[in-house]
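Each chain, letter by letter, is given below.
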Amino acid sequence: MKTPLVFKLILLLVLAWRLIISNRKTIKPSEKGYLNLLELPVDQLLRPIIEIEPKEAVKRFYRESVRENSKVSQLYFICFLAEKLQKHYNKRGIFRLFWYDQYLVLSFYQSLKLLNLEKETFLFEKILTNLNPESFIKVSNNETPETNSFLTTNSEFDILFVDFDKIFDMDKYCKALVNQFYAN
């Protein structure tokens with residue numbers, strides 16, 4: 001028994017329509033420039049609940065208040081960043097941030113400095129310096145480097161990512177974030 005021609009044409013149209021829709025949704029990572037955390041305002045209107053575990057407090061605060069307004073202030077954006085980092089760390093570690101969300105690398109570095117996480121900042125500086133020294137000089141001067149300047153596939157630096165993953169603790173990061181909300 002042969003498949004009717006009309007049915008084959010309908011299947012082709014559905015496939016073509018799905019390809020068109022999926023092509024619209026994709027955004028090439030190279031099109032997104034680095035997001036500079038220092039360009040966002042410092043003010044915040046709401047604060048996370050301090051009585052619960054910091055990681056859970058940041059998660060709830062992000063879902064209730066920040067999701068729609070992540071670029072309203074620096075600390076709100078760090079909450080968004082914490083959610084992104086949590087997903088990356090569940091899968092592989094900091095390397096995924098460099099590979100999949102390159103536009104957040106600069107803001108993550110700035111958040112480490114803002115939250116006064118000295119060991120983590122030092123190790124992250126080491127990673128950035130080894131990937132692209134010229135761009136790191138720009139970052140040190142509070143300038144925004146060119147798009148994807150820290151994107152690399154050099155396997156020599158994998159040990160730096162592993163060292164950072166050993167030191168970085170998401171609970172400590174979230175605790176520093178909640179403390180920063182109440183410090184101002």
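Residues numbered from 1 in each chain as written. Predicted model: local features only at pLDDT ≥ 70, side-chain atom pairs only at ≥ 80, totals over all residues. Heavy atoms only, no water.

Q: Can you explain the environment of Tyr 109? Please cite residues and give values.
A: You can see Tyr 109 is positioned in helix 5 (residues 105–114). Classification of Tyr 109 by relative accessible area gives buried; the value is 1%. For the pair formed by Tyr 109 and Ile 10, sequence separation is 99 residues and the distance between their alpha carbons is 51 Å. Look past the residues within four positions of Tyr 109 in its chain and what remains in contact with it is Thr 121, Phe 124, Glu 125, Leu 128, Phe 136 and Val 139. In this structure the side chain of Tyr 109 is engaged in a polar contact, spanning 2.7 Å, whose partner is the side chain of Glu 125. (Helix = DSSP H or I, 4+ residues; strand = E, 2+ residues; numbered from the N terminus. Buried < 20%, exposed > 50% of the residue type's maximum accessible area, 1.4 Å probe, protein only. Contact = heavy atoms within 4.5 Å. Polar contact = N/O pair within 3.5 Å; in protein donor to acceptor, adjacent residues only side chain to side chain.)

Q: I'd like a rundown of a positive patch on the surface, residues and numbers included.
A: A surface patch of like charges, here positive, comprises Lys 59, Arg 63, Arg 67, Lys 87 and Lys 91. By the secondary structure assignment, Lys 87 is in helix 3 (residues 74–91). On the accessibility criterion, Lys 87 (54% relative accessible area) is exposed. (Patch = residues over 30% accessible without salt bridge, like charges linked within 9 Å, V, L, I, M, F, W, Y side chains within 5 Å. Areas by Shrake-Rupley, 256 points an atom, 1.4 Å probe, with all protein chains shown as cover. Salt bridge = Lys/Arg side-chain N within 4 Å of Asp/Glu carboxyl O. Lys, Arg positive; Asp, Glu negative; His and termini not counted. Charge placed at Lys NZ, Arg CZ, Asp CG, Glu CD.)

Q: Go over a nonpolar patch on the surface with me, naming the residues and quoting the values.
A: Together, Leu 5, Leu 9, Leu 12, Leu 15 and Leu 19 make up a nonpolar patch on the protein surface, roughly 520 Å² of accessible area in all. Here Leu 19 is to be found in helix 1 (residues 5–25). Judged by relative accessible area, which is 52%, Leu 19 ranks as exposed.

Q: Can you break down the environment of Arg 60 residue by residue, with the values?
A: Tracing the chain through its elements places Arg 60 in helix 2 (residues 54–66). Spatially, the C-alpha atoms of Arg 60 and Phe 136 are 34 Å apart, while their sequence positions differ by 76 residues.

Q: Kindly report on the packing of helix 3 against helix 9 (residues 170–183), identifying the contributing residues and their values.
A: Contact geometry for helix 3 and helix 9: axes closest at 11 Å, N-to-C directions at 165°. For the element pair helix 3 / helix 9, the angle class is roughly antiparallel. Relative to helix 9, helix 3 is oriented so that their crossing is left-handed. Side by side, helix 3 and helix 9 meet where Leu 75, Tyr 76, Ile 78, Cys 79, Leu 81, Ala 82, Leu 85 and Gln 86 of the first sit next to Met 170, Tyr 173, Leu 177, Gln 180 and Phe 181 of the second. (Axes fitted to C-alpha atoms, helices over the stretch in contact; angles between N-to-C directions. Parallel < 35°, antiparallel > 145°, perpendicular 65-115°, else oblique. Left-handed = near helix turned anticlockwise from the far one by under 90°.)

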